[in-house]
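Observations on chain architecture
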Amino acid sequence: MKKLLLLPVLALVAFFFLHAKVKDNISIDVEPDVLEDQIPSHVKAVIDQKCYGCHNADSKNEKGKEKLDWDDFEASRKAKQLATMAKINEALVKGDMPPAKFLENKPEGKLSKEELETLLDWSAGKKKSPK
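Summary of the structure given here. (Residues numbered from 1 in each chain as written. Predicted model: local features only at pLDDT ≥ 70, side-chain atom pairs only at ≥ 80, totals over all residues. Heavy atoms only, no water.)

As for unusual backbone geometry
Leave glycine aside and you will find that most residues have negative phi; peptide bonds, for their part, are mostly trans. Cis geometry is adopted by the peptide bond preceding Pro98, which originates at Met97 and carries an omega value of -15°. Tracing the backbone through its elements, the reader meets Pro98 in the loop between helix H6 (78–94) and helix H7 (100–105). (Helix = DSSP H or I, 4+ residues; strand = E, 2+ residues; numbered from the N terminus.)

Written out as structure tokens, the structure reads:
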């Protein structure tokens, strides 16, 4: 009886093993410009100038990179990006970013009205090009 049960179990294990095997030599041809412009250039300029210093993998600001790492953001899936954009928008609307404590030491980090508007529009999903 046990021998009769063993054969189908082994066949099932072999079936799953063969289907789960990762195929090598798979190449996907993607046009370079499709991946490059995830974040529009005018938005990226504001992020690079005002946000990236605290929100990147190499930052000394542990809390900042824990909350948002721009390098991870750009590499993440679209659904995760959209969720993160909603959180960014919420923080900007509340006035939590950049933090007041940070601005005390670095007032040049304050977002101008135009920069804030650019980030708000982008994080809200509005497709607005620079003026």
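Digging into the layout of surface pockets
What the largest pocket holds in volume is close to 1,100 Å³. If you go around the largest pocket, you meet 39 residues; those closest to its centre are His55, Gly64, Lys67, Leu68 and Met97. Going through the elements one at a time, helix H3 (41–51), helix H4 (62–67), helix H5 (70–75), H6 and H7 are the ones with two or more residues in the lining of the largest pocket. A breakdown of the residues in the lining of the largest pocket according to their chemical character gives 15 nonpolar, nine polar and 15 charged. (1 Å grid on protein atoms, 1.4 Å probe; cavity = no way out; pocket = protein on both sides within 12 Å on 5 of 7 lines; lining within 4 Å. Points joined across faces, edges and corners; volume = space filled by probe spheres on them. Nonpolar A, V, L, I, M, F, W, Y, C, P; charged D, E, K, R; others polar.)

Some words on the nonpolar core
As a rule of thumb, soluble globular proteins bury nonpolar side chains together. Ranked by size, the top nonpolar core spans 14 residues in total, and within it Ile39, Ile47, Trp70, Phe73, Leu119 and Trp122 carry the most contacts. Looking at this core, the elements with two or more residues in it are H3, H5, H6 and helix H8 (113–123). The residues contacting Phe73, other than those within four sequence positions of it, are Ile39, Leu68, Gln81, Thr84, Met85 and Trp122. (Core = buried A, V, L, I, M, F, W, Y, C linked by side-chain atoms within 4.5 Å. Buried < 20%, exposed > 50% of the residue type's maximum accessible area, 1.4 Å probe, protein only. Contact = heavy atoms within 4.5 Å.)

Observations regarding the state of the cysteines
One pass over the full model with this rule turns up zero disulfides. The structure places no disulfide on Cys54, whose sulfur is separated from the nearest cysteine sulfur, that of Cys51, by 8.9 Å. (Disulfide = S-S within 2.5 Å.)

A look at the side chain of Glu115
With respect to the helices and strands, the residue Glu115 is situated in helix H8. In this view, Glu115 contacts Val46, Gln49, Lys50 and Lys110; residues no more than four positions away in its chain are not counted.

Re a positive patch on the surface
A surface patch of like charges, here positive, comprises Lys63, Lys67, Lys80, Lys87 and Lys101. Those elements giving two or more residues to the positive patch turn out to be H4 and H6. Within the secondary structure, Lys80 sits in helix H6. (Patch = residues over 30% accessible without salt bridge, like charges linked within 9 Å, V, L, I, M, F, W, Y side chains within 5 Å. Areas by Shrake-Rupley, 256 points an atom, 1.4 Å probe, with all protein chains shown as cover. Salt bridge = Lys/Arg side-chain N within 4 Å of Asp/Glu carboxyl O. Lys, Arg positive; Asp, Glu negative; His and termini not counted. Charge placed at Lys NZ, Arg CZ, Asp CG, Glu CD.)

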